Every structure is written in C-alpha cells, then in structure tokens.
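Here are the chains, one letter per residue:
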Amino acid sequence: MTADAVNSDTSESETKFNRVLLKISGEALMGDQGFGLHPPTVERIANEVKSVHDLGVEICMVIGGGNIFRGLQGSAQGMERTTADYMGMLATVMNALAMQSALEGLGVFTRVISAIPMDQVCEPYIRRRAVRHLEKKRVCIFAAGTGNPYFTTDTAATLRANEMRCEAIFKGTKVDGVYDKDPAKHDDAVRYENVSYDECLQKRLGVMDASAIALARDNNLPIIVFSLDEPGGFRGILAGKGTYTRVGG
Ligand code: UDP
C-alpha cells in the first residue's frame, strides 16, 4: 500500500490503509478553554478514532502537550531548557492517559507507551511489543515524545510512524489542510492539494517543524493534513473523501 491510497476512490466503509498514525496537538484536547483538558472534546476525538478502528485499521497516536506545558514557554520564563522540555514530555503523558481513558470507555483497547519509562503508569517503549499490540488491534498511544529534550511531538510522531511502518501520518488540525498563508487572517489564502516536503521547508508552511518534515521526507512517509473539527473527518479522509493536503515526495 502506498501513499496514493489516500487519493484513490473508495467507499467510506473501506480504506486501503492498514496502519496509520494520528498526530494531534495537545491544544486539540482543550476545546474552547484556554488550557488543559476538556473531557467532551477528548471523547469526541476518541469517537473519531473508534470509527476508524472499527474499519480494522491499526492505529498509532501521538498527542502533544501544548495544552498543559511547552518547554519553550518554560525556558522563556527563565527555567532551564531541558527541565522545561521534560515537563512538556510529562504533559504529553497526561494527555495520553486522558485519551486512553476515553477510548477504553468506548470499548477500544489501548496501550499508552512512554519513551520515558514510568512502569506504574504505562508501558515503556519496546518496538516489537508495540508492533504486537497493533497486530492485536490495540490503539498504541505513544507518550513522552521522543524522550529527548529539544524535540517536539511532531518529530516523535514521524519517528514512531517510521518505526511502526505506518503508511502515513494523519495530522489533525483546526484547518482542512496546508495553506500558502494563514487562512484565519487572510481571505485569499489558498489550500494546497499536494505539496512537497521541500516546499514545506523552503516556504516554512508550518505543517510540522523542520526536523519532523525532513525525517518524513528521508523515509518517504506521507503526511496528510486534515481538519479534526469536521465530524467524521478522520474516517472520511481515510476513505479518500473530504478536503485535505497531502505532503509527500
Ligand atoms: N517535548 C520534548 N521532546 C519531545 C517531544 C516533546 O522535549 O520529543 C516537549 C517540548 O518541551 C514540547 C512539549 O514537550 O514543547 C510539548 O510537545 P509539543 O510542543 O510538540 O506539543 P503540541 O504543540 O503538539 O501540543
């Protein structure tokens, strides 16, 4: 299966994808609040994930931590950068646990798998074990980013998607794709259907940070950017419907 599956004509009850990674920012979980977790929003996204899981697709998830803490914010306030980044990584674990709870409430089996071992809370990251979970149709929620400061959860998503041999990363955002300028500020912003990794990097299109895009490019991993605010959006995009931008080679 290739990245082209996302552009193919297929019914909503079918998808050619077997294994995908869904990346969402921490802010996607805070609803209209300015901070933290908004349980109805977490549940809504969990329902989106369940509807794709029901198709038999193996799902990895990476959730950011920006709704709770970002390392750069902390270091801007005088905190030592690596300490602040570890706090950001811990924030992603909290989000992962919230998503686990919501998914399991819907009857979807999950594992939270942390790049930083914390055995009482969740599993440590062991690649082969994670692959086995996916084969058993458990949703794997990868937490604590890459486990290293100076990275982001976008890079963690690209890393895990490569390691798990996902066919694509689906990046759920507030907008339905990648635009040449911010569509919230410019009425004449134009959405790309397809855009290359290099164009994203050269034009700083803000899809993901540069190291994440470079890692995707070097492994020819497509990134599908779509709106998470569209009900049924994730399932629809997997079936090749709706609007989105495909970042690829
Ligand atoms: N972080 C990190 N290493 C990683 C992933 C994340 O240090 O591999 C820290 C970093 O401080 C970052 C925070 O965790 O600001 C939250 O992640 P991110 O900003 O990617 O979250 P998002 O913007 O997607 O909500």
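The model shown is predicted, which means the values in this text are computed figures rather than measured ones.

Enquirer: Tell me about the site of the ligand, residues and numbers included.
Expert: Within the structure, the ligand sits among 20 residues, and Gly26, Asp85, Thr146, Asn148 and Thr153 are positioned closest to it. Between Gly65 and the ligand, the recorded distance is 3.0 Å, taken from a backbone N or O atom to an oxygen atom. The contact in question runs from an oxygen atom of the ligand to an N or O atom on the side chain of Asp85, over 2.5 Å. The element contributing the most residues to the shell around the ligand is helix 3 (residues 81-105), with three residues. In terms of residue class, the shell around the ligand is built from five nonpolar, 12 polar and three charged.

Enquirer: Let's hear about the pattern of salt bridges: which residues, and what values?
Expert: Applying the stated criterion across every chain yields a total of 18 salt bridges. For the salt bridge of Glu58 with Lys137, the shortest nitrogen-to-oxygen distance reads 3.2 Å. Of this pair, Glu58 sits in strand 2 (residues 58-63) while Lys137 sits in the loop between helix 4 (127-135) and strand 5 (139-143); the two residues are 79 residues apart in sequence, bridging distant segments of the chain. By relative accessible area, Lys137 is classed as partly exposed at 35%. Where Asp188 meets Lys181, a salt bridge forms, and the shortest distance between an N and an O atom there is 3.2 Å. Overlapping salt bridges bring together Arg19, Glu58 and Lys137 as one network.

Enquirer: If you had to explain the side chain of Asp85 to someone new, which residues and values would you point to?
Expert: Note on placement: Asp85 falls in helix 3. Setting aside residues up to four positions removed in sequence, Asp85 forms contacts with Gly71, Leu72, Pro149 and Tyr150.

Enquirer: I'd like a description of the pairing of strand 2, backed by residues and values.
Expert: Across the six residues of strand 2, six count as buried, placing the element largely inside the fold. Residues Glu58, Cys60 and Val62 point to one face of strand 2 and Ile59, Met61 and Ile63 to the other, with burial holding for every one of them. By the bridge criterion, six bridges tie strand 1 (residues 19-24) to strand 2 in an arrangement that is parallel. Note on strand 2: the bridge partner recorded for Val20 is Ile59. Regarding topology, helix 1 (residues 39-53) serves as the crossover connection from strand 1 to the parallel strand 2, and that connection is right-handed. Inspection of the sheet shows strand 2 paired to strand 5 by three bridges, in the parallel sense. Across the sheet, Met61 pairs through a bridge with Ile141, a residue of strand 5.

Enquirer: How would you summarise the packing of aromatic side chains if you had to cite specific residues and measurements?
Expert: Under the counting rule described, the total for this entry stands at five aromatic pairs. Look at Phe17 and Phe170: their rings are 5.3 Å apart centre to centre, the planes differ by 85°, and that puts the pair in the edge-to-face class. Of this pair, Phe17 sits in the segment before strand 1 while Phe170 is found in strand 6 (residues 168-173), placing the two residues 153 residues apart along the sequence. Comparing Phe17 with Phe170 shows no difference in burial state: the two are buried. Residues Tyr125 and Phe142 carry aromatic rings whose centres are separated by 5.9 Å and whose planes lie at 75° to one another, so their mutual orientation is edge-to-face. Taken together, the residues Tyr125 in the loop between strand 4 (123-124) and helix 4 and Phe142 in strand 5 connect sequence positions 17 residues apart. Among the aromatic side chains, those forming a connected cluster through ring pairs are Phe17, Phe170, Phe226 and Phe234.

Enquirer: An account of the packing of helix 5 (residues 153-163) against helix 7 (residues 210-218) is requested, with residue identities and associated values reported.
Expert: Where helix 5 contacts helix 7, the axes come no closer than 7 Å and their chain directions differ by 15°. Put simply, helix 5 runs roughly parallel to helix 7. Between helix 5 and helix 7 the crossing geometry is left-handed. Side by side, helix 5 and helix 7 meet where Asp154, Thr155, Thr158, Leu159 and Asn162 of the first sit next to Ser211, Ala212, Leu215 and Ala216 of the second. When its residues are assigned to classes, the contact of helix 5 with helix 7 shows four nonpolar, four polar and one charged.

Enquirer: Can you explain the nonpolar core? Please cite residues and give values.
Expert: With 38 residues, the main nonpolar core has Ile24, Met61, Met99, Leu103, Ile141 and Phe170 as its most contacted residues. Broken down by secondary-structure element, the contributors of at least two residues to this core are strand 1, helix 1, strand 2, helix 3, strand 5, strand 6, strand 8 (223-227) and helix 8 (233-238). Top element by residues in this core is helix 3. It accounts for six residues. When neighbours within four sequence positions are excluded, Met99 is seen to be in contact with Ile24, Leu29, Val42, Ile45, Ala46, Met61, Ile63 and Ile141. By size, the runner-up hydrophobic cluster in this structure holds 30 residues, among which are Ile113, Tyr125, Ala130 and Ile223.

Thresholds, definitions, all that
- Residues numbered from 1 in each chain as written.
- Predicted model: local features only at pLDDT ≥ 70, side-chain atom pairs only at ≥ 80, totals over all residues.
- Heavy atoms only, no water.
- Near = heavy atom within 4 Å.
- Polar contact = N/O pair within 3.5 Å; in protein donor to acceptor, adjacent residues only side chain to side chain.
- Helix = DSSP H or I, 4+ residues; strand = E, 2+ residues; numbered from the N terminus.
- Nonpolar A, V, L, I, M, F, W, Y, C, P; charged D, E, K, R; others polar.
- Salt bridge = Lys/Arg side-chain N within 4 Å of Asp/Glu carboxyl O.
- Buried < 20%, exposed > 50% of the residue type's maximum accessible area, 1.4 Å probe, protein only.
- Contact = heavy atoms within 4.5 Å.
- Pairing = 2+ DSSP bridges.
- Right-handed = clockwise from strand over helix to strand, strands pointing away.
- Phe/Tyr/Trp six-rings, centres within 6.5 Å; stacked < 30°, edge-to-face > 60°.
- Axes fitted to C-alpha atoms, helices over the stretch in contact; angles between N-to-C directions.
- Parallel < 35°, antiparallel > 145°, perpendicular 65-115°, else oblique.
- Left-handed = near helix turned anticlockwise from the far one by under 90°.
- Core = buried A, V, L, I, M, F, W, Y, C linked by side-chain atoms within 4.5 Å.

Everything listed here is a matter of coordinates, which is why it stays silent on function.
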